[in-house]
Amino acid sequence: MRCWLRIFATVHAATDFWFWAFWILAALTMFAGNLGALVQSNIKRLLAYSSIAHAGYILVAMAAVTTAKNADSGLDPGAAYAARALLPVELFAGLCGRLHDRSDLGGQGERYINTDDFAGLGTRQPFAAAALSVFLLSLLGLPITAGFFGKLYIFTAAIKSKLIWLAILMAINSIIGAYYYLRVIIVMYMHEYKGNVPADAPASLSPTAAMVVIVTVLATLYLGLAPNHILGIVLDPT
């Protein structure tokens, strides 16, 4: 990724050609992903559209990279923030791949993965509900999570690169995303369980799934609380 950042930040042809391509694709991808997720009742489809939206956020960072002007001194301030933004977003996207496989909660054939099926999950499966809440809040960009620093760096990169309208569009999309992420959390903790999930749905996560979720939650929080440790290693020019 550092190589791509250097190319888009320093190669004049790449800068001229790709800036508007990244700008337009970022805007379209953010809105397509978030508006698509907004109308979903199926959790897997909701998260799939959310992934599209996050690809749009990454494209905002790439657009900021193409505004770099000084090829001799490396990345300009906006592009430097973009470089810091891409790593947390990419790592978090990988860590949250587990969210797209809800077979542990959905039962055989993943029949119980609609939003209503998660009603009362905070009482029925408190560990699973808490972990899912951490992931969703990180996707939302809540402080102390990996997603917060990813979005913060991207937004800062857009502002420092004078991509004000793209930053505004990103803020609008973050608000849209907040609605459907929080909607799932509200269903888990504030809606009563009505017995709509039959007995063949598992009562808890399997040991392997629980271990994966624990590691993912810890990594999500670690990236949020101490992002500079990893960023320093990856972005160190030596």
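Keep in mind that what you see is a predicted model, and the values were worked out from it rather than measured.

### Regarding the overall build of the protein
Line of reasoning, step 1. Each helix and strand counted, the protein has 11 helices and 0 strands in total.
Line of reasoning, step 2. Of the regular secondary structure in the protein, the N- to C-terminal order runs α-α-α-α-α-α-α-α-α-α-α.
Line of reasoning, step 3. Residues classed as buried in the protein amount to 51% of the 238 residues present.
Line of reasoning, step 4. Of all intrachain contacts in the protein linking residues separated by at least 6 positions in sequence, the fraction that spans at least 24 positions is 77%.
Line of reasoning, step 5. With an accessible surface of roughly 11,400 Å², the protein has 69% of that area assigned to carbon and sulfur atoms.

### Digging into the packing of aromatic side chains
Line of reasoning, step 1. One pass over the structure, following the stated rule, counts 5 aromatic pairs.
Line of reasoning, step 2. Ring centres of Phe 19 and Trp 20 lie 4.9 Å apart, and the angle between their planes is 70°; this geometry places the pair in the edge-to-face category.
Line of reasoning, step 3. Centroid distance Phe 148 to Phe 149: 5.1 Å. Interplanar angle 80°. Geometry classified as edge-to-face.
Line of reasoning, step 4. One aromatic cluster in this structure is built from Phe 19, Trp 20 and Trp 23.

### Thoughts on the nonpolar core
Line of reasoning, step 1. Grouped together as the largest cluster of nonpolar side chains are 21 residues, with contacts concentrated most on Trp 23, Met 30, Val 60, Ile 154, Leu 163, Leu 166 and Met 170.
Line of reasoning, step 2. Where this core is concerned, the elements lending two or more residues are α2 (12-38), α3 (43-65), α8 (146-160) and α9 (164-190).
Line of reasoning, step 3. Tallying contributions element by element places α3 first for this core, with 7 residues.
Line of reasoning, step 4. If sequence neighbours within four positions are ignored, Met 30 has contacts with Ala 53, Gly 56, Tyr 57, Val 60, Leu 166, Leu 169, Met 170 and Asn 173.

### Side note on the packing of helix α7 (residues 126-140) against α9
Line of reasoning, step 1. Interhelical geometry of α7 versus α9 gives an angle of 170° and a closest axis separation of 9 Å. Classed by the angle they form, the pair α7 and α9 counts as roughly antiparallel. Of α9, the residues touching α7 (which contributes Pro 126, Ala 129, Ala 130, Leu 132, Ser 133, Leu 136, Leu 137, Leu 139 and Leu 140) are Ser 174, Ala 178, Tyr 181, Leu 182, Val 184, Ile 185, Met 188 and Tyr 189.
Line of reasoning, step 2. Here the residues of the contact of α7 with α9 are counted per class, giving 15 nonpolar, 2 polar and no charged.

### Looking at α8
Line of reasoning, step 1. In a regular helix each residue adds 1.5 Å, so 15 residues correspond to 21 Å; α8 covers 21 Å between its end C-alpha atoms and thus fits that length.
Line of reasoning, step 2. For α8, every residue scored as buried is listed here: Ala 146, Gly 147, Phe 149, Gly 150, Lys 151, Tyr 153, Ile 154, Thr 156, Ala 157 and Ala 158.
Line of reasoning, step 3. Looking one or two places after α8, you find Lys 162, whose phi comes out positive at around 65°.

### Considerations on a nonpolar patch on the surface
Line of reasoning, step 1. Together, Phe 155, Ile 159, Ile 164, Trp 165, Ile 168 and Ile 172 line one region of the surface with nonpolar side chains, adding up to about 560 Å² of accessible area.
Line of reasoning, step 2. When contributions to the nonpolar patch are tallied by element, the ones reaching two or more residues are α8 and α9.
Line of reasoning, step 3. The greatest single-element share of the nonpolar patch, amounting to 4 residues, is contributed by α9.
Line of reasoning, step 4. Mapped onto the fold, Ile 164 is located in helix α9.

### Quick notes on the confidence of the model for the protein
Line of reasoning, step 1. Overall, the prediction assigns the protein a mean pLDDT of 76, with 65% of residues at 70 or greater.
Line of reasoning, step 2. By mean pLDDT, the top-scoring element of the protein is α9 (94), and the lowest-scoring one is helix α5 (residues 103-106) (54).
Line of reasoning, step 3. The low-confidence segment residues 70-75, where pLDDT is below 50, has 7 contacts with residues more than four positions distant or belonging to other chains.
Line of reasoning, step 4. Per-residue pLDDT stays below 50 along residues 98-103; that stretch engages in 19 contacts with residues further than four places along the chain or on separate chains.

### Looking at unusual backbone geometry
What you tend to see is this: most non-glycine residues have negative phi, and most peptide bonds are trans.
Line of reasoning, step 1. At Ile 144, a position not held by glycine, the phi torsion is positive, near 70°.
Line of reasoning, step 2. When you line up the elements, Ile 144 lands in the loop between α7 and α8.
Line of reasoning, step 3. Overall, the relative accessible area of 47% leaves Ile 144 in the partly exposed class.

### Examining the side chain of Ser 50
Line of reasoning, step 1. Tracing the backbone shows Ser 50 in helix α3.
Line of reasoning, step 2. With a relative accessible area of 2%, Ser 50 lands in the buried category.

Reading the values: the criteria
- Residues numbered from 1 in each chain as written.
- Predicted model: local features only at pLDDT ≥ 70, side-chain atom pairs only at ≥ 80, totals over all residues.
- Heavy atoms only, no water.
- Helix = DSSP H or I, 4+ residues; strand = E, 2+ residues; numbered from the N terminus.
- Buried < 20%, exposed > 50% of the residue type's maximum accessible area, 1.4 Å probe, protein only.
- Contact = heavy atoms within 4.5 Å.
- Areas by Shrake-Rupley, 256 points an atom, 1.4 Å probe, with all protein chains shown as cover.
- Phe/Tyr/Trp six-rings, centres within 6.5 Å; stacked < 30°, edge-to-face > 60°.
- Core = buried A, V, L, I, M, F, W, Y, C linked by side-chain atoms within 4.5 Å.
- Axes fitted to C-alpha atoms, helices over the stretch in contact; angles between N-to-C directions.
- Parallel < 35°, antiparallel > 145°, perpendicular 65-115°, else oblique.
- Nonpolar A, V, L, I, M, F, W, Y, C, P; charged D, E, K, R; others polar.
- Expected span 1.5 Å × (residues − 1).
- Patch = residues over 30% accessible without salt bridge, like charges linked within 9 Å, V, L, I, M, F, W, Y side chains within 5 Å.
- Salt bridge = Lys/Arg side-chain N within 4 Å of Asp/Glu carboxyl O.
- pLDDT = per-residue confidence, 0-100.

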